[in-house]
Each structure stands twice: as C-alpha cells, then as structure tokens.
Amino acid sequence: MKTLQDYIDKLNSLHFKEMYNNDFFLTWEKTDDELEAVWTVADALRFMRENNISTKVFESGLGISLFRDNSTRTRFSFASACNLLGLEVQDLDEGKSQIAHGETVRETANMISFMADVIGIRDDMYIGKGNAYMREVSQAVQDGHRDGVLEQRPTLVNLQCDIDHPTQCMADMLHIIHEFGGVENLKGKKLAMTWAYSPSYGKPLSVPQGVIGLMTRMGMDVVLAHPEGYEVMPEVEEVAKKNAKKSGGSFTKTHSMEEAFKDADIVYPKSWAPFAAMEKRTNLYGEGDFDGIKALEKELLAQNAEHKDWACTEELMKTTKDGNALYLHCLPADITGVSCETGEVDASVFDRYRTPLYKEASYKPYIIAAMILLSKFENPAELLKKLEEKGTPRIFK
C-alpha cells in the first residue's frame, strides 16, 4: 500500500521548478519530469482526500472559469479542483460582461484577476484562435502583475483549446498508468487513436491531437486512424513523430480502423471534424457568413454519413490484444441505439467499460488541482508533508 511519503519521495526525485509561477498550455511544452510531477501530485491529492486529510492550501482566493463551449466534466472538474485547494470559483459569463461593449482582452483579464489565483479557459471551436487567446490573457495578467495592478499573477490552465486538451489527455494518461501498473510498463504498448462516426458536426480536434501529442512521449506505438479527408493539424503530427523518435516508440497513420484496432492494447475511437473544415468554419465566422456556415455544416454531415462503418463494435474489439483492449473516451460518447441511431460505439461495448470510463474521467479534477498547486507553490513536496503533519480532517467526525 502506498503512503503519502511515497508520493513525496517521488516528487523529490523530479525536476519541475520551471512550473512554479508558470502556465499550462500544451503538454509538449512540458518536460517528462514536469508531466510526472503532475501525475504524482494528482495521485497524492487523491490519496489525501481518500484518507480524510484536508488539502486546503488557500484560505481565500478565486478560480476564474471561462467556457466558450458547452462542458460538463471539465467545468465541474475545474470547480472541484479549485474547491479541493480552498479556492472559490467565479464563472465569467461573457454575455453579462462589458466585452460586448468593446472591453479589450487586456482589460478583461486584469479586471477579473484582482484576487484570482487561477484562470481556466476552454476555447476550442476556432482554429488559430483558442490557444492564442489564452496566451493573450496570460500576457495581460503578467503585465498587470509587473506594473503593480495585481499583487499576484494568476496561473492560466488550458481547459481545452483548438490545439490540445491537456487536462483531458493527462487524466487519460493517469488512467492508463494505473491500469497498466506504471509508466515503466507502457513501452511497446499499442494505442489506436481512431476517428469514429458521429451524427453531429464540428467536434474539436483537440482530443485526438492531445492524445498523439502526449501518448507518444511514453514509448508507446501510437496509431492515428481516420478516413481520408479527416486530417488533424500537421504541426501536431510533427510533434508526435518527434516524441516517438525520442521515446523509442512509434507514430504511424492509417486509413483503416481495422488495422489500427488489430492487437491494440488501448483504443480511443472518437469523432472529430477535419482540420481543413475547421479552418474554413473559422474563416466563415470571421466574415460573418452564416449562410456559408450552414452550407458547410450540411456538407460535413453528409461527409460523415459516408463513414458509418467507422464504429467501435464488438467484432472490432475482438481483434484487439487478447480481445480485451482498454477502451477510452473523453465522454459523452455517441452510443449506437442509445444516444443516437448510429454512433461511435456499440451500446454493449460502452456498457462493459462504463465503470472504467467513469474512473478515467474521475482523474481530471486531481490533474487540474495538481497543475494549480505546482504553479502556485515553490516546494510542493514540503507543502504536502506539512498538510500531512497538520492532519486537519476534511470531514470532521
């Protein structure tokens, strides 16, 4: 059985000082030790909560959330993470702000940050916009702190952008680590990140991009599978290639779901919109061409419908390693015969993996909390030890 000291000892063996007073934008901007530190702190925080040890490291402060797309898991995970550390959450509803009256990004960022310790942003719908917006907010609060407007610089956490979904993929990875008994057991494991049919249009690219950008760090054999025309950002593919070469794993592409699933240890069938189409949609929105957007949506739905055979079926699952691959999904999944007539996954497959899927999602609050803690505290190992010695119960009995 692990103890909190085991996690503290692990932290003390890692080099992650650059995370202090820094943001979390993309996983491939972080070192291997920094990623390992996030997983270690996440596990430590979960251990403490399970053992009724308070992890309240802030007596006051705000976590500001800005969601420009609908969200259930990430929204509540961010709120849970802030609450776990002692922060209250205030959601920035842009419709109720002065943004509509011409308030600049720089002004908004400073006005919401007077007593904020972290800002979490989800902005995933428009290619070339989301991550750039987050960096603009980050620069604005850095300037505000430098100029004496803000007594502290809030940490910015990417809750999903047009390029990456780091909190999701880091939670996915922690789930994989636990399922396979450690990072050291992942080398040579085959992971299939495959497109799957959905009756909806415009799902972001950030999950498949985040998966190939992170899982290739672990020495895994990562396969990206999709029908022709459903490419992801070429620059992220380059990241995956470089990661695989460095880690001793591999990164390959195929237009066959069957080939990707064959002997796979892990499968991640998930719909996404083509990169070229997302670029086109971004341009149409920029031009205010709503008729063009409707035409594009109709075109993409028709294109999707040509690939209804791209589905995670019982037959395909039988072709995986020992017929028992770990099935992953960021949720909600399009379940055939349940949430839609034809979708990403057979109902029987989804039902069999329901509990593991919920476990996969359950790591996200701890991942986000770990990202915040590593940014706000210079010596997190010492902090965890102090919390253990203090022994304040989370629930008084």
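This write-up is about the structure you can find in this document. (Residues numbered from 1 in each chain as written. Predicted model: local features only at pLDDT ≥ 70, side-chain atom pairs only at ≥ 80, totals over all residues. Heavy atoms only, no water.)

### What to know about the pattern of salt bridges
Pairing is possible between side chains of opposite charge, provided their charged atoms come close.
Inference 1: Across all of its chains, the model carries 23 salt bridges by this definition.
Inference 2: R146 is paired through a salt bridge with D143; the nearest N and O atoms lie 3.4 Å apart. Here D143 and R146 lie together in helix 5 (residues 130–146), a separation of three residues that amounts to about one turn.
Inference 3: Among the residues examined, R146 registers a relative accessible area of 60% and is labelled exposed.
Inference 4: Take D143: its relative accessible area is 12%, and that puts it in the buried class.
Inference 5: Beyond isolated ion pairs, a larger network of salt bridges with shared partners links R106, D143, R146 and D147. (Salt bridge = Lys/Arg side-chain N within 4 Å of Asp/Glu carboxyl O. Helix = DSSP H or I, 4+ residues; strand = E, 2+ residues; numbered from the N terminus. Buried < 20%, exposed > 50% of the residue type's maximum accessible area, 1.4 Å probe, protein only.)

### Remarks on the pairing of strand 1 (residues 62–67)
Inference 1: Across the six residues of strand 1, five count as buried, placing the element largely inside the fold.
Inference 2: For the crossover from strand 1 across helix 3 (residues 73–85) to strand 2 (residues 88–91), the handedness is right-handed.
Inference 3: In this sheet, strand 3 (residues 116–123) lies alongside strand 1 in parallel orientation, the contact comprising six bridges. Note on strand 3: the bridge partner recorded for I64 is I119. (Right-handed = clockwise from strand over helix to strand, strands pointing away. Pairing = 2+ DSSP bridges.)

### With respect to the packing of aromatic side chains
Inference 1: Applying the stated criterion across every chain yields a total of seven aromatic pairs.
Inference 2: Taking 6.2 Å as the distance between ring centres and 85° as the angle between the ring planes, the aromatic pair formed by Y285 and F290 counts as edge-to-face.
Inference 3: Pairwise contacts between aromatic rings join Y126, Y285 and F290 into one cluster.
Inference 4: Over the aromatic face of F24 sits the side chain of K30, whose NZ or CZ is 5.2 Å from the ring centroid. (Phe/Tyr/Trp six-rings, centres within 6.5 Å; stacked < 30°, edge-to-face > 60°. Lys NZ or Arg CZ within 6 Å of the ring centre and 35° of its normal.)

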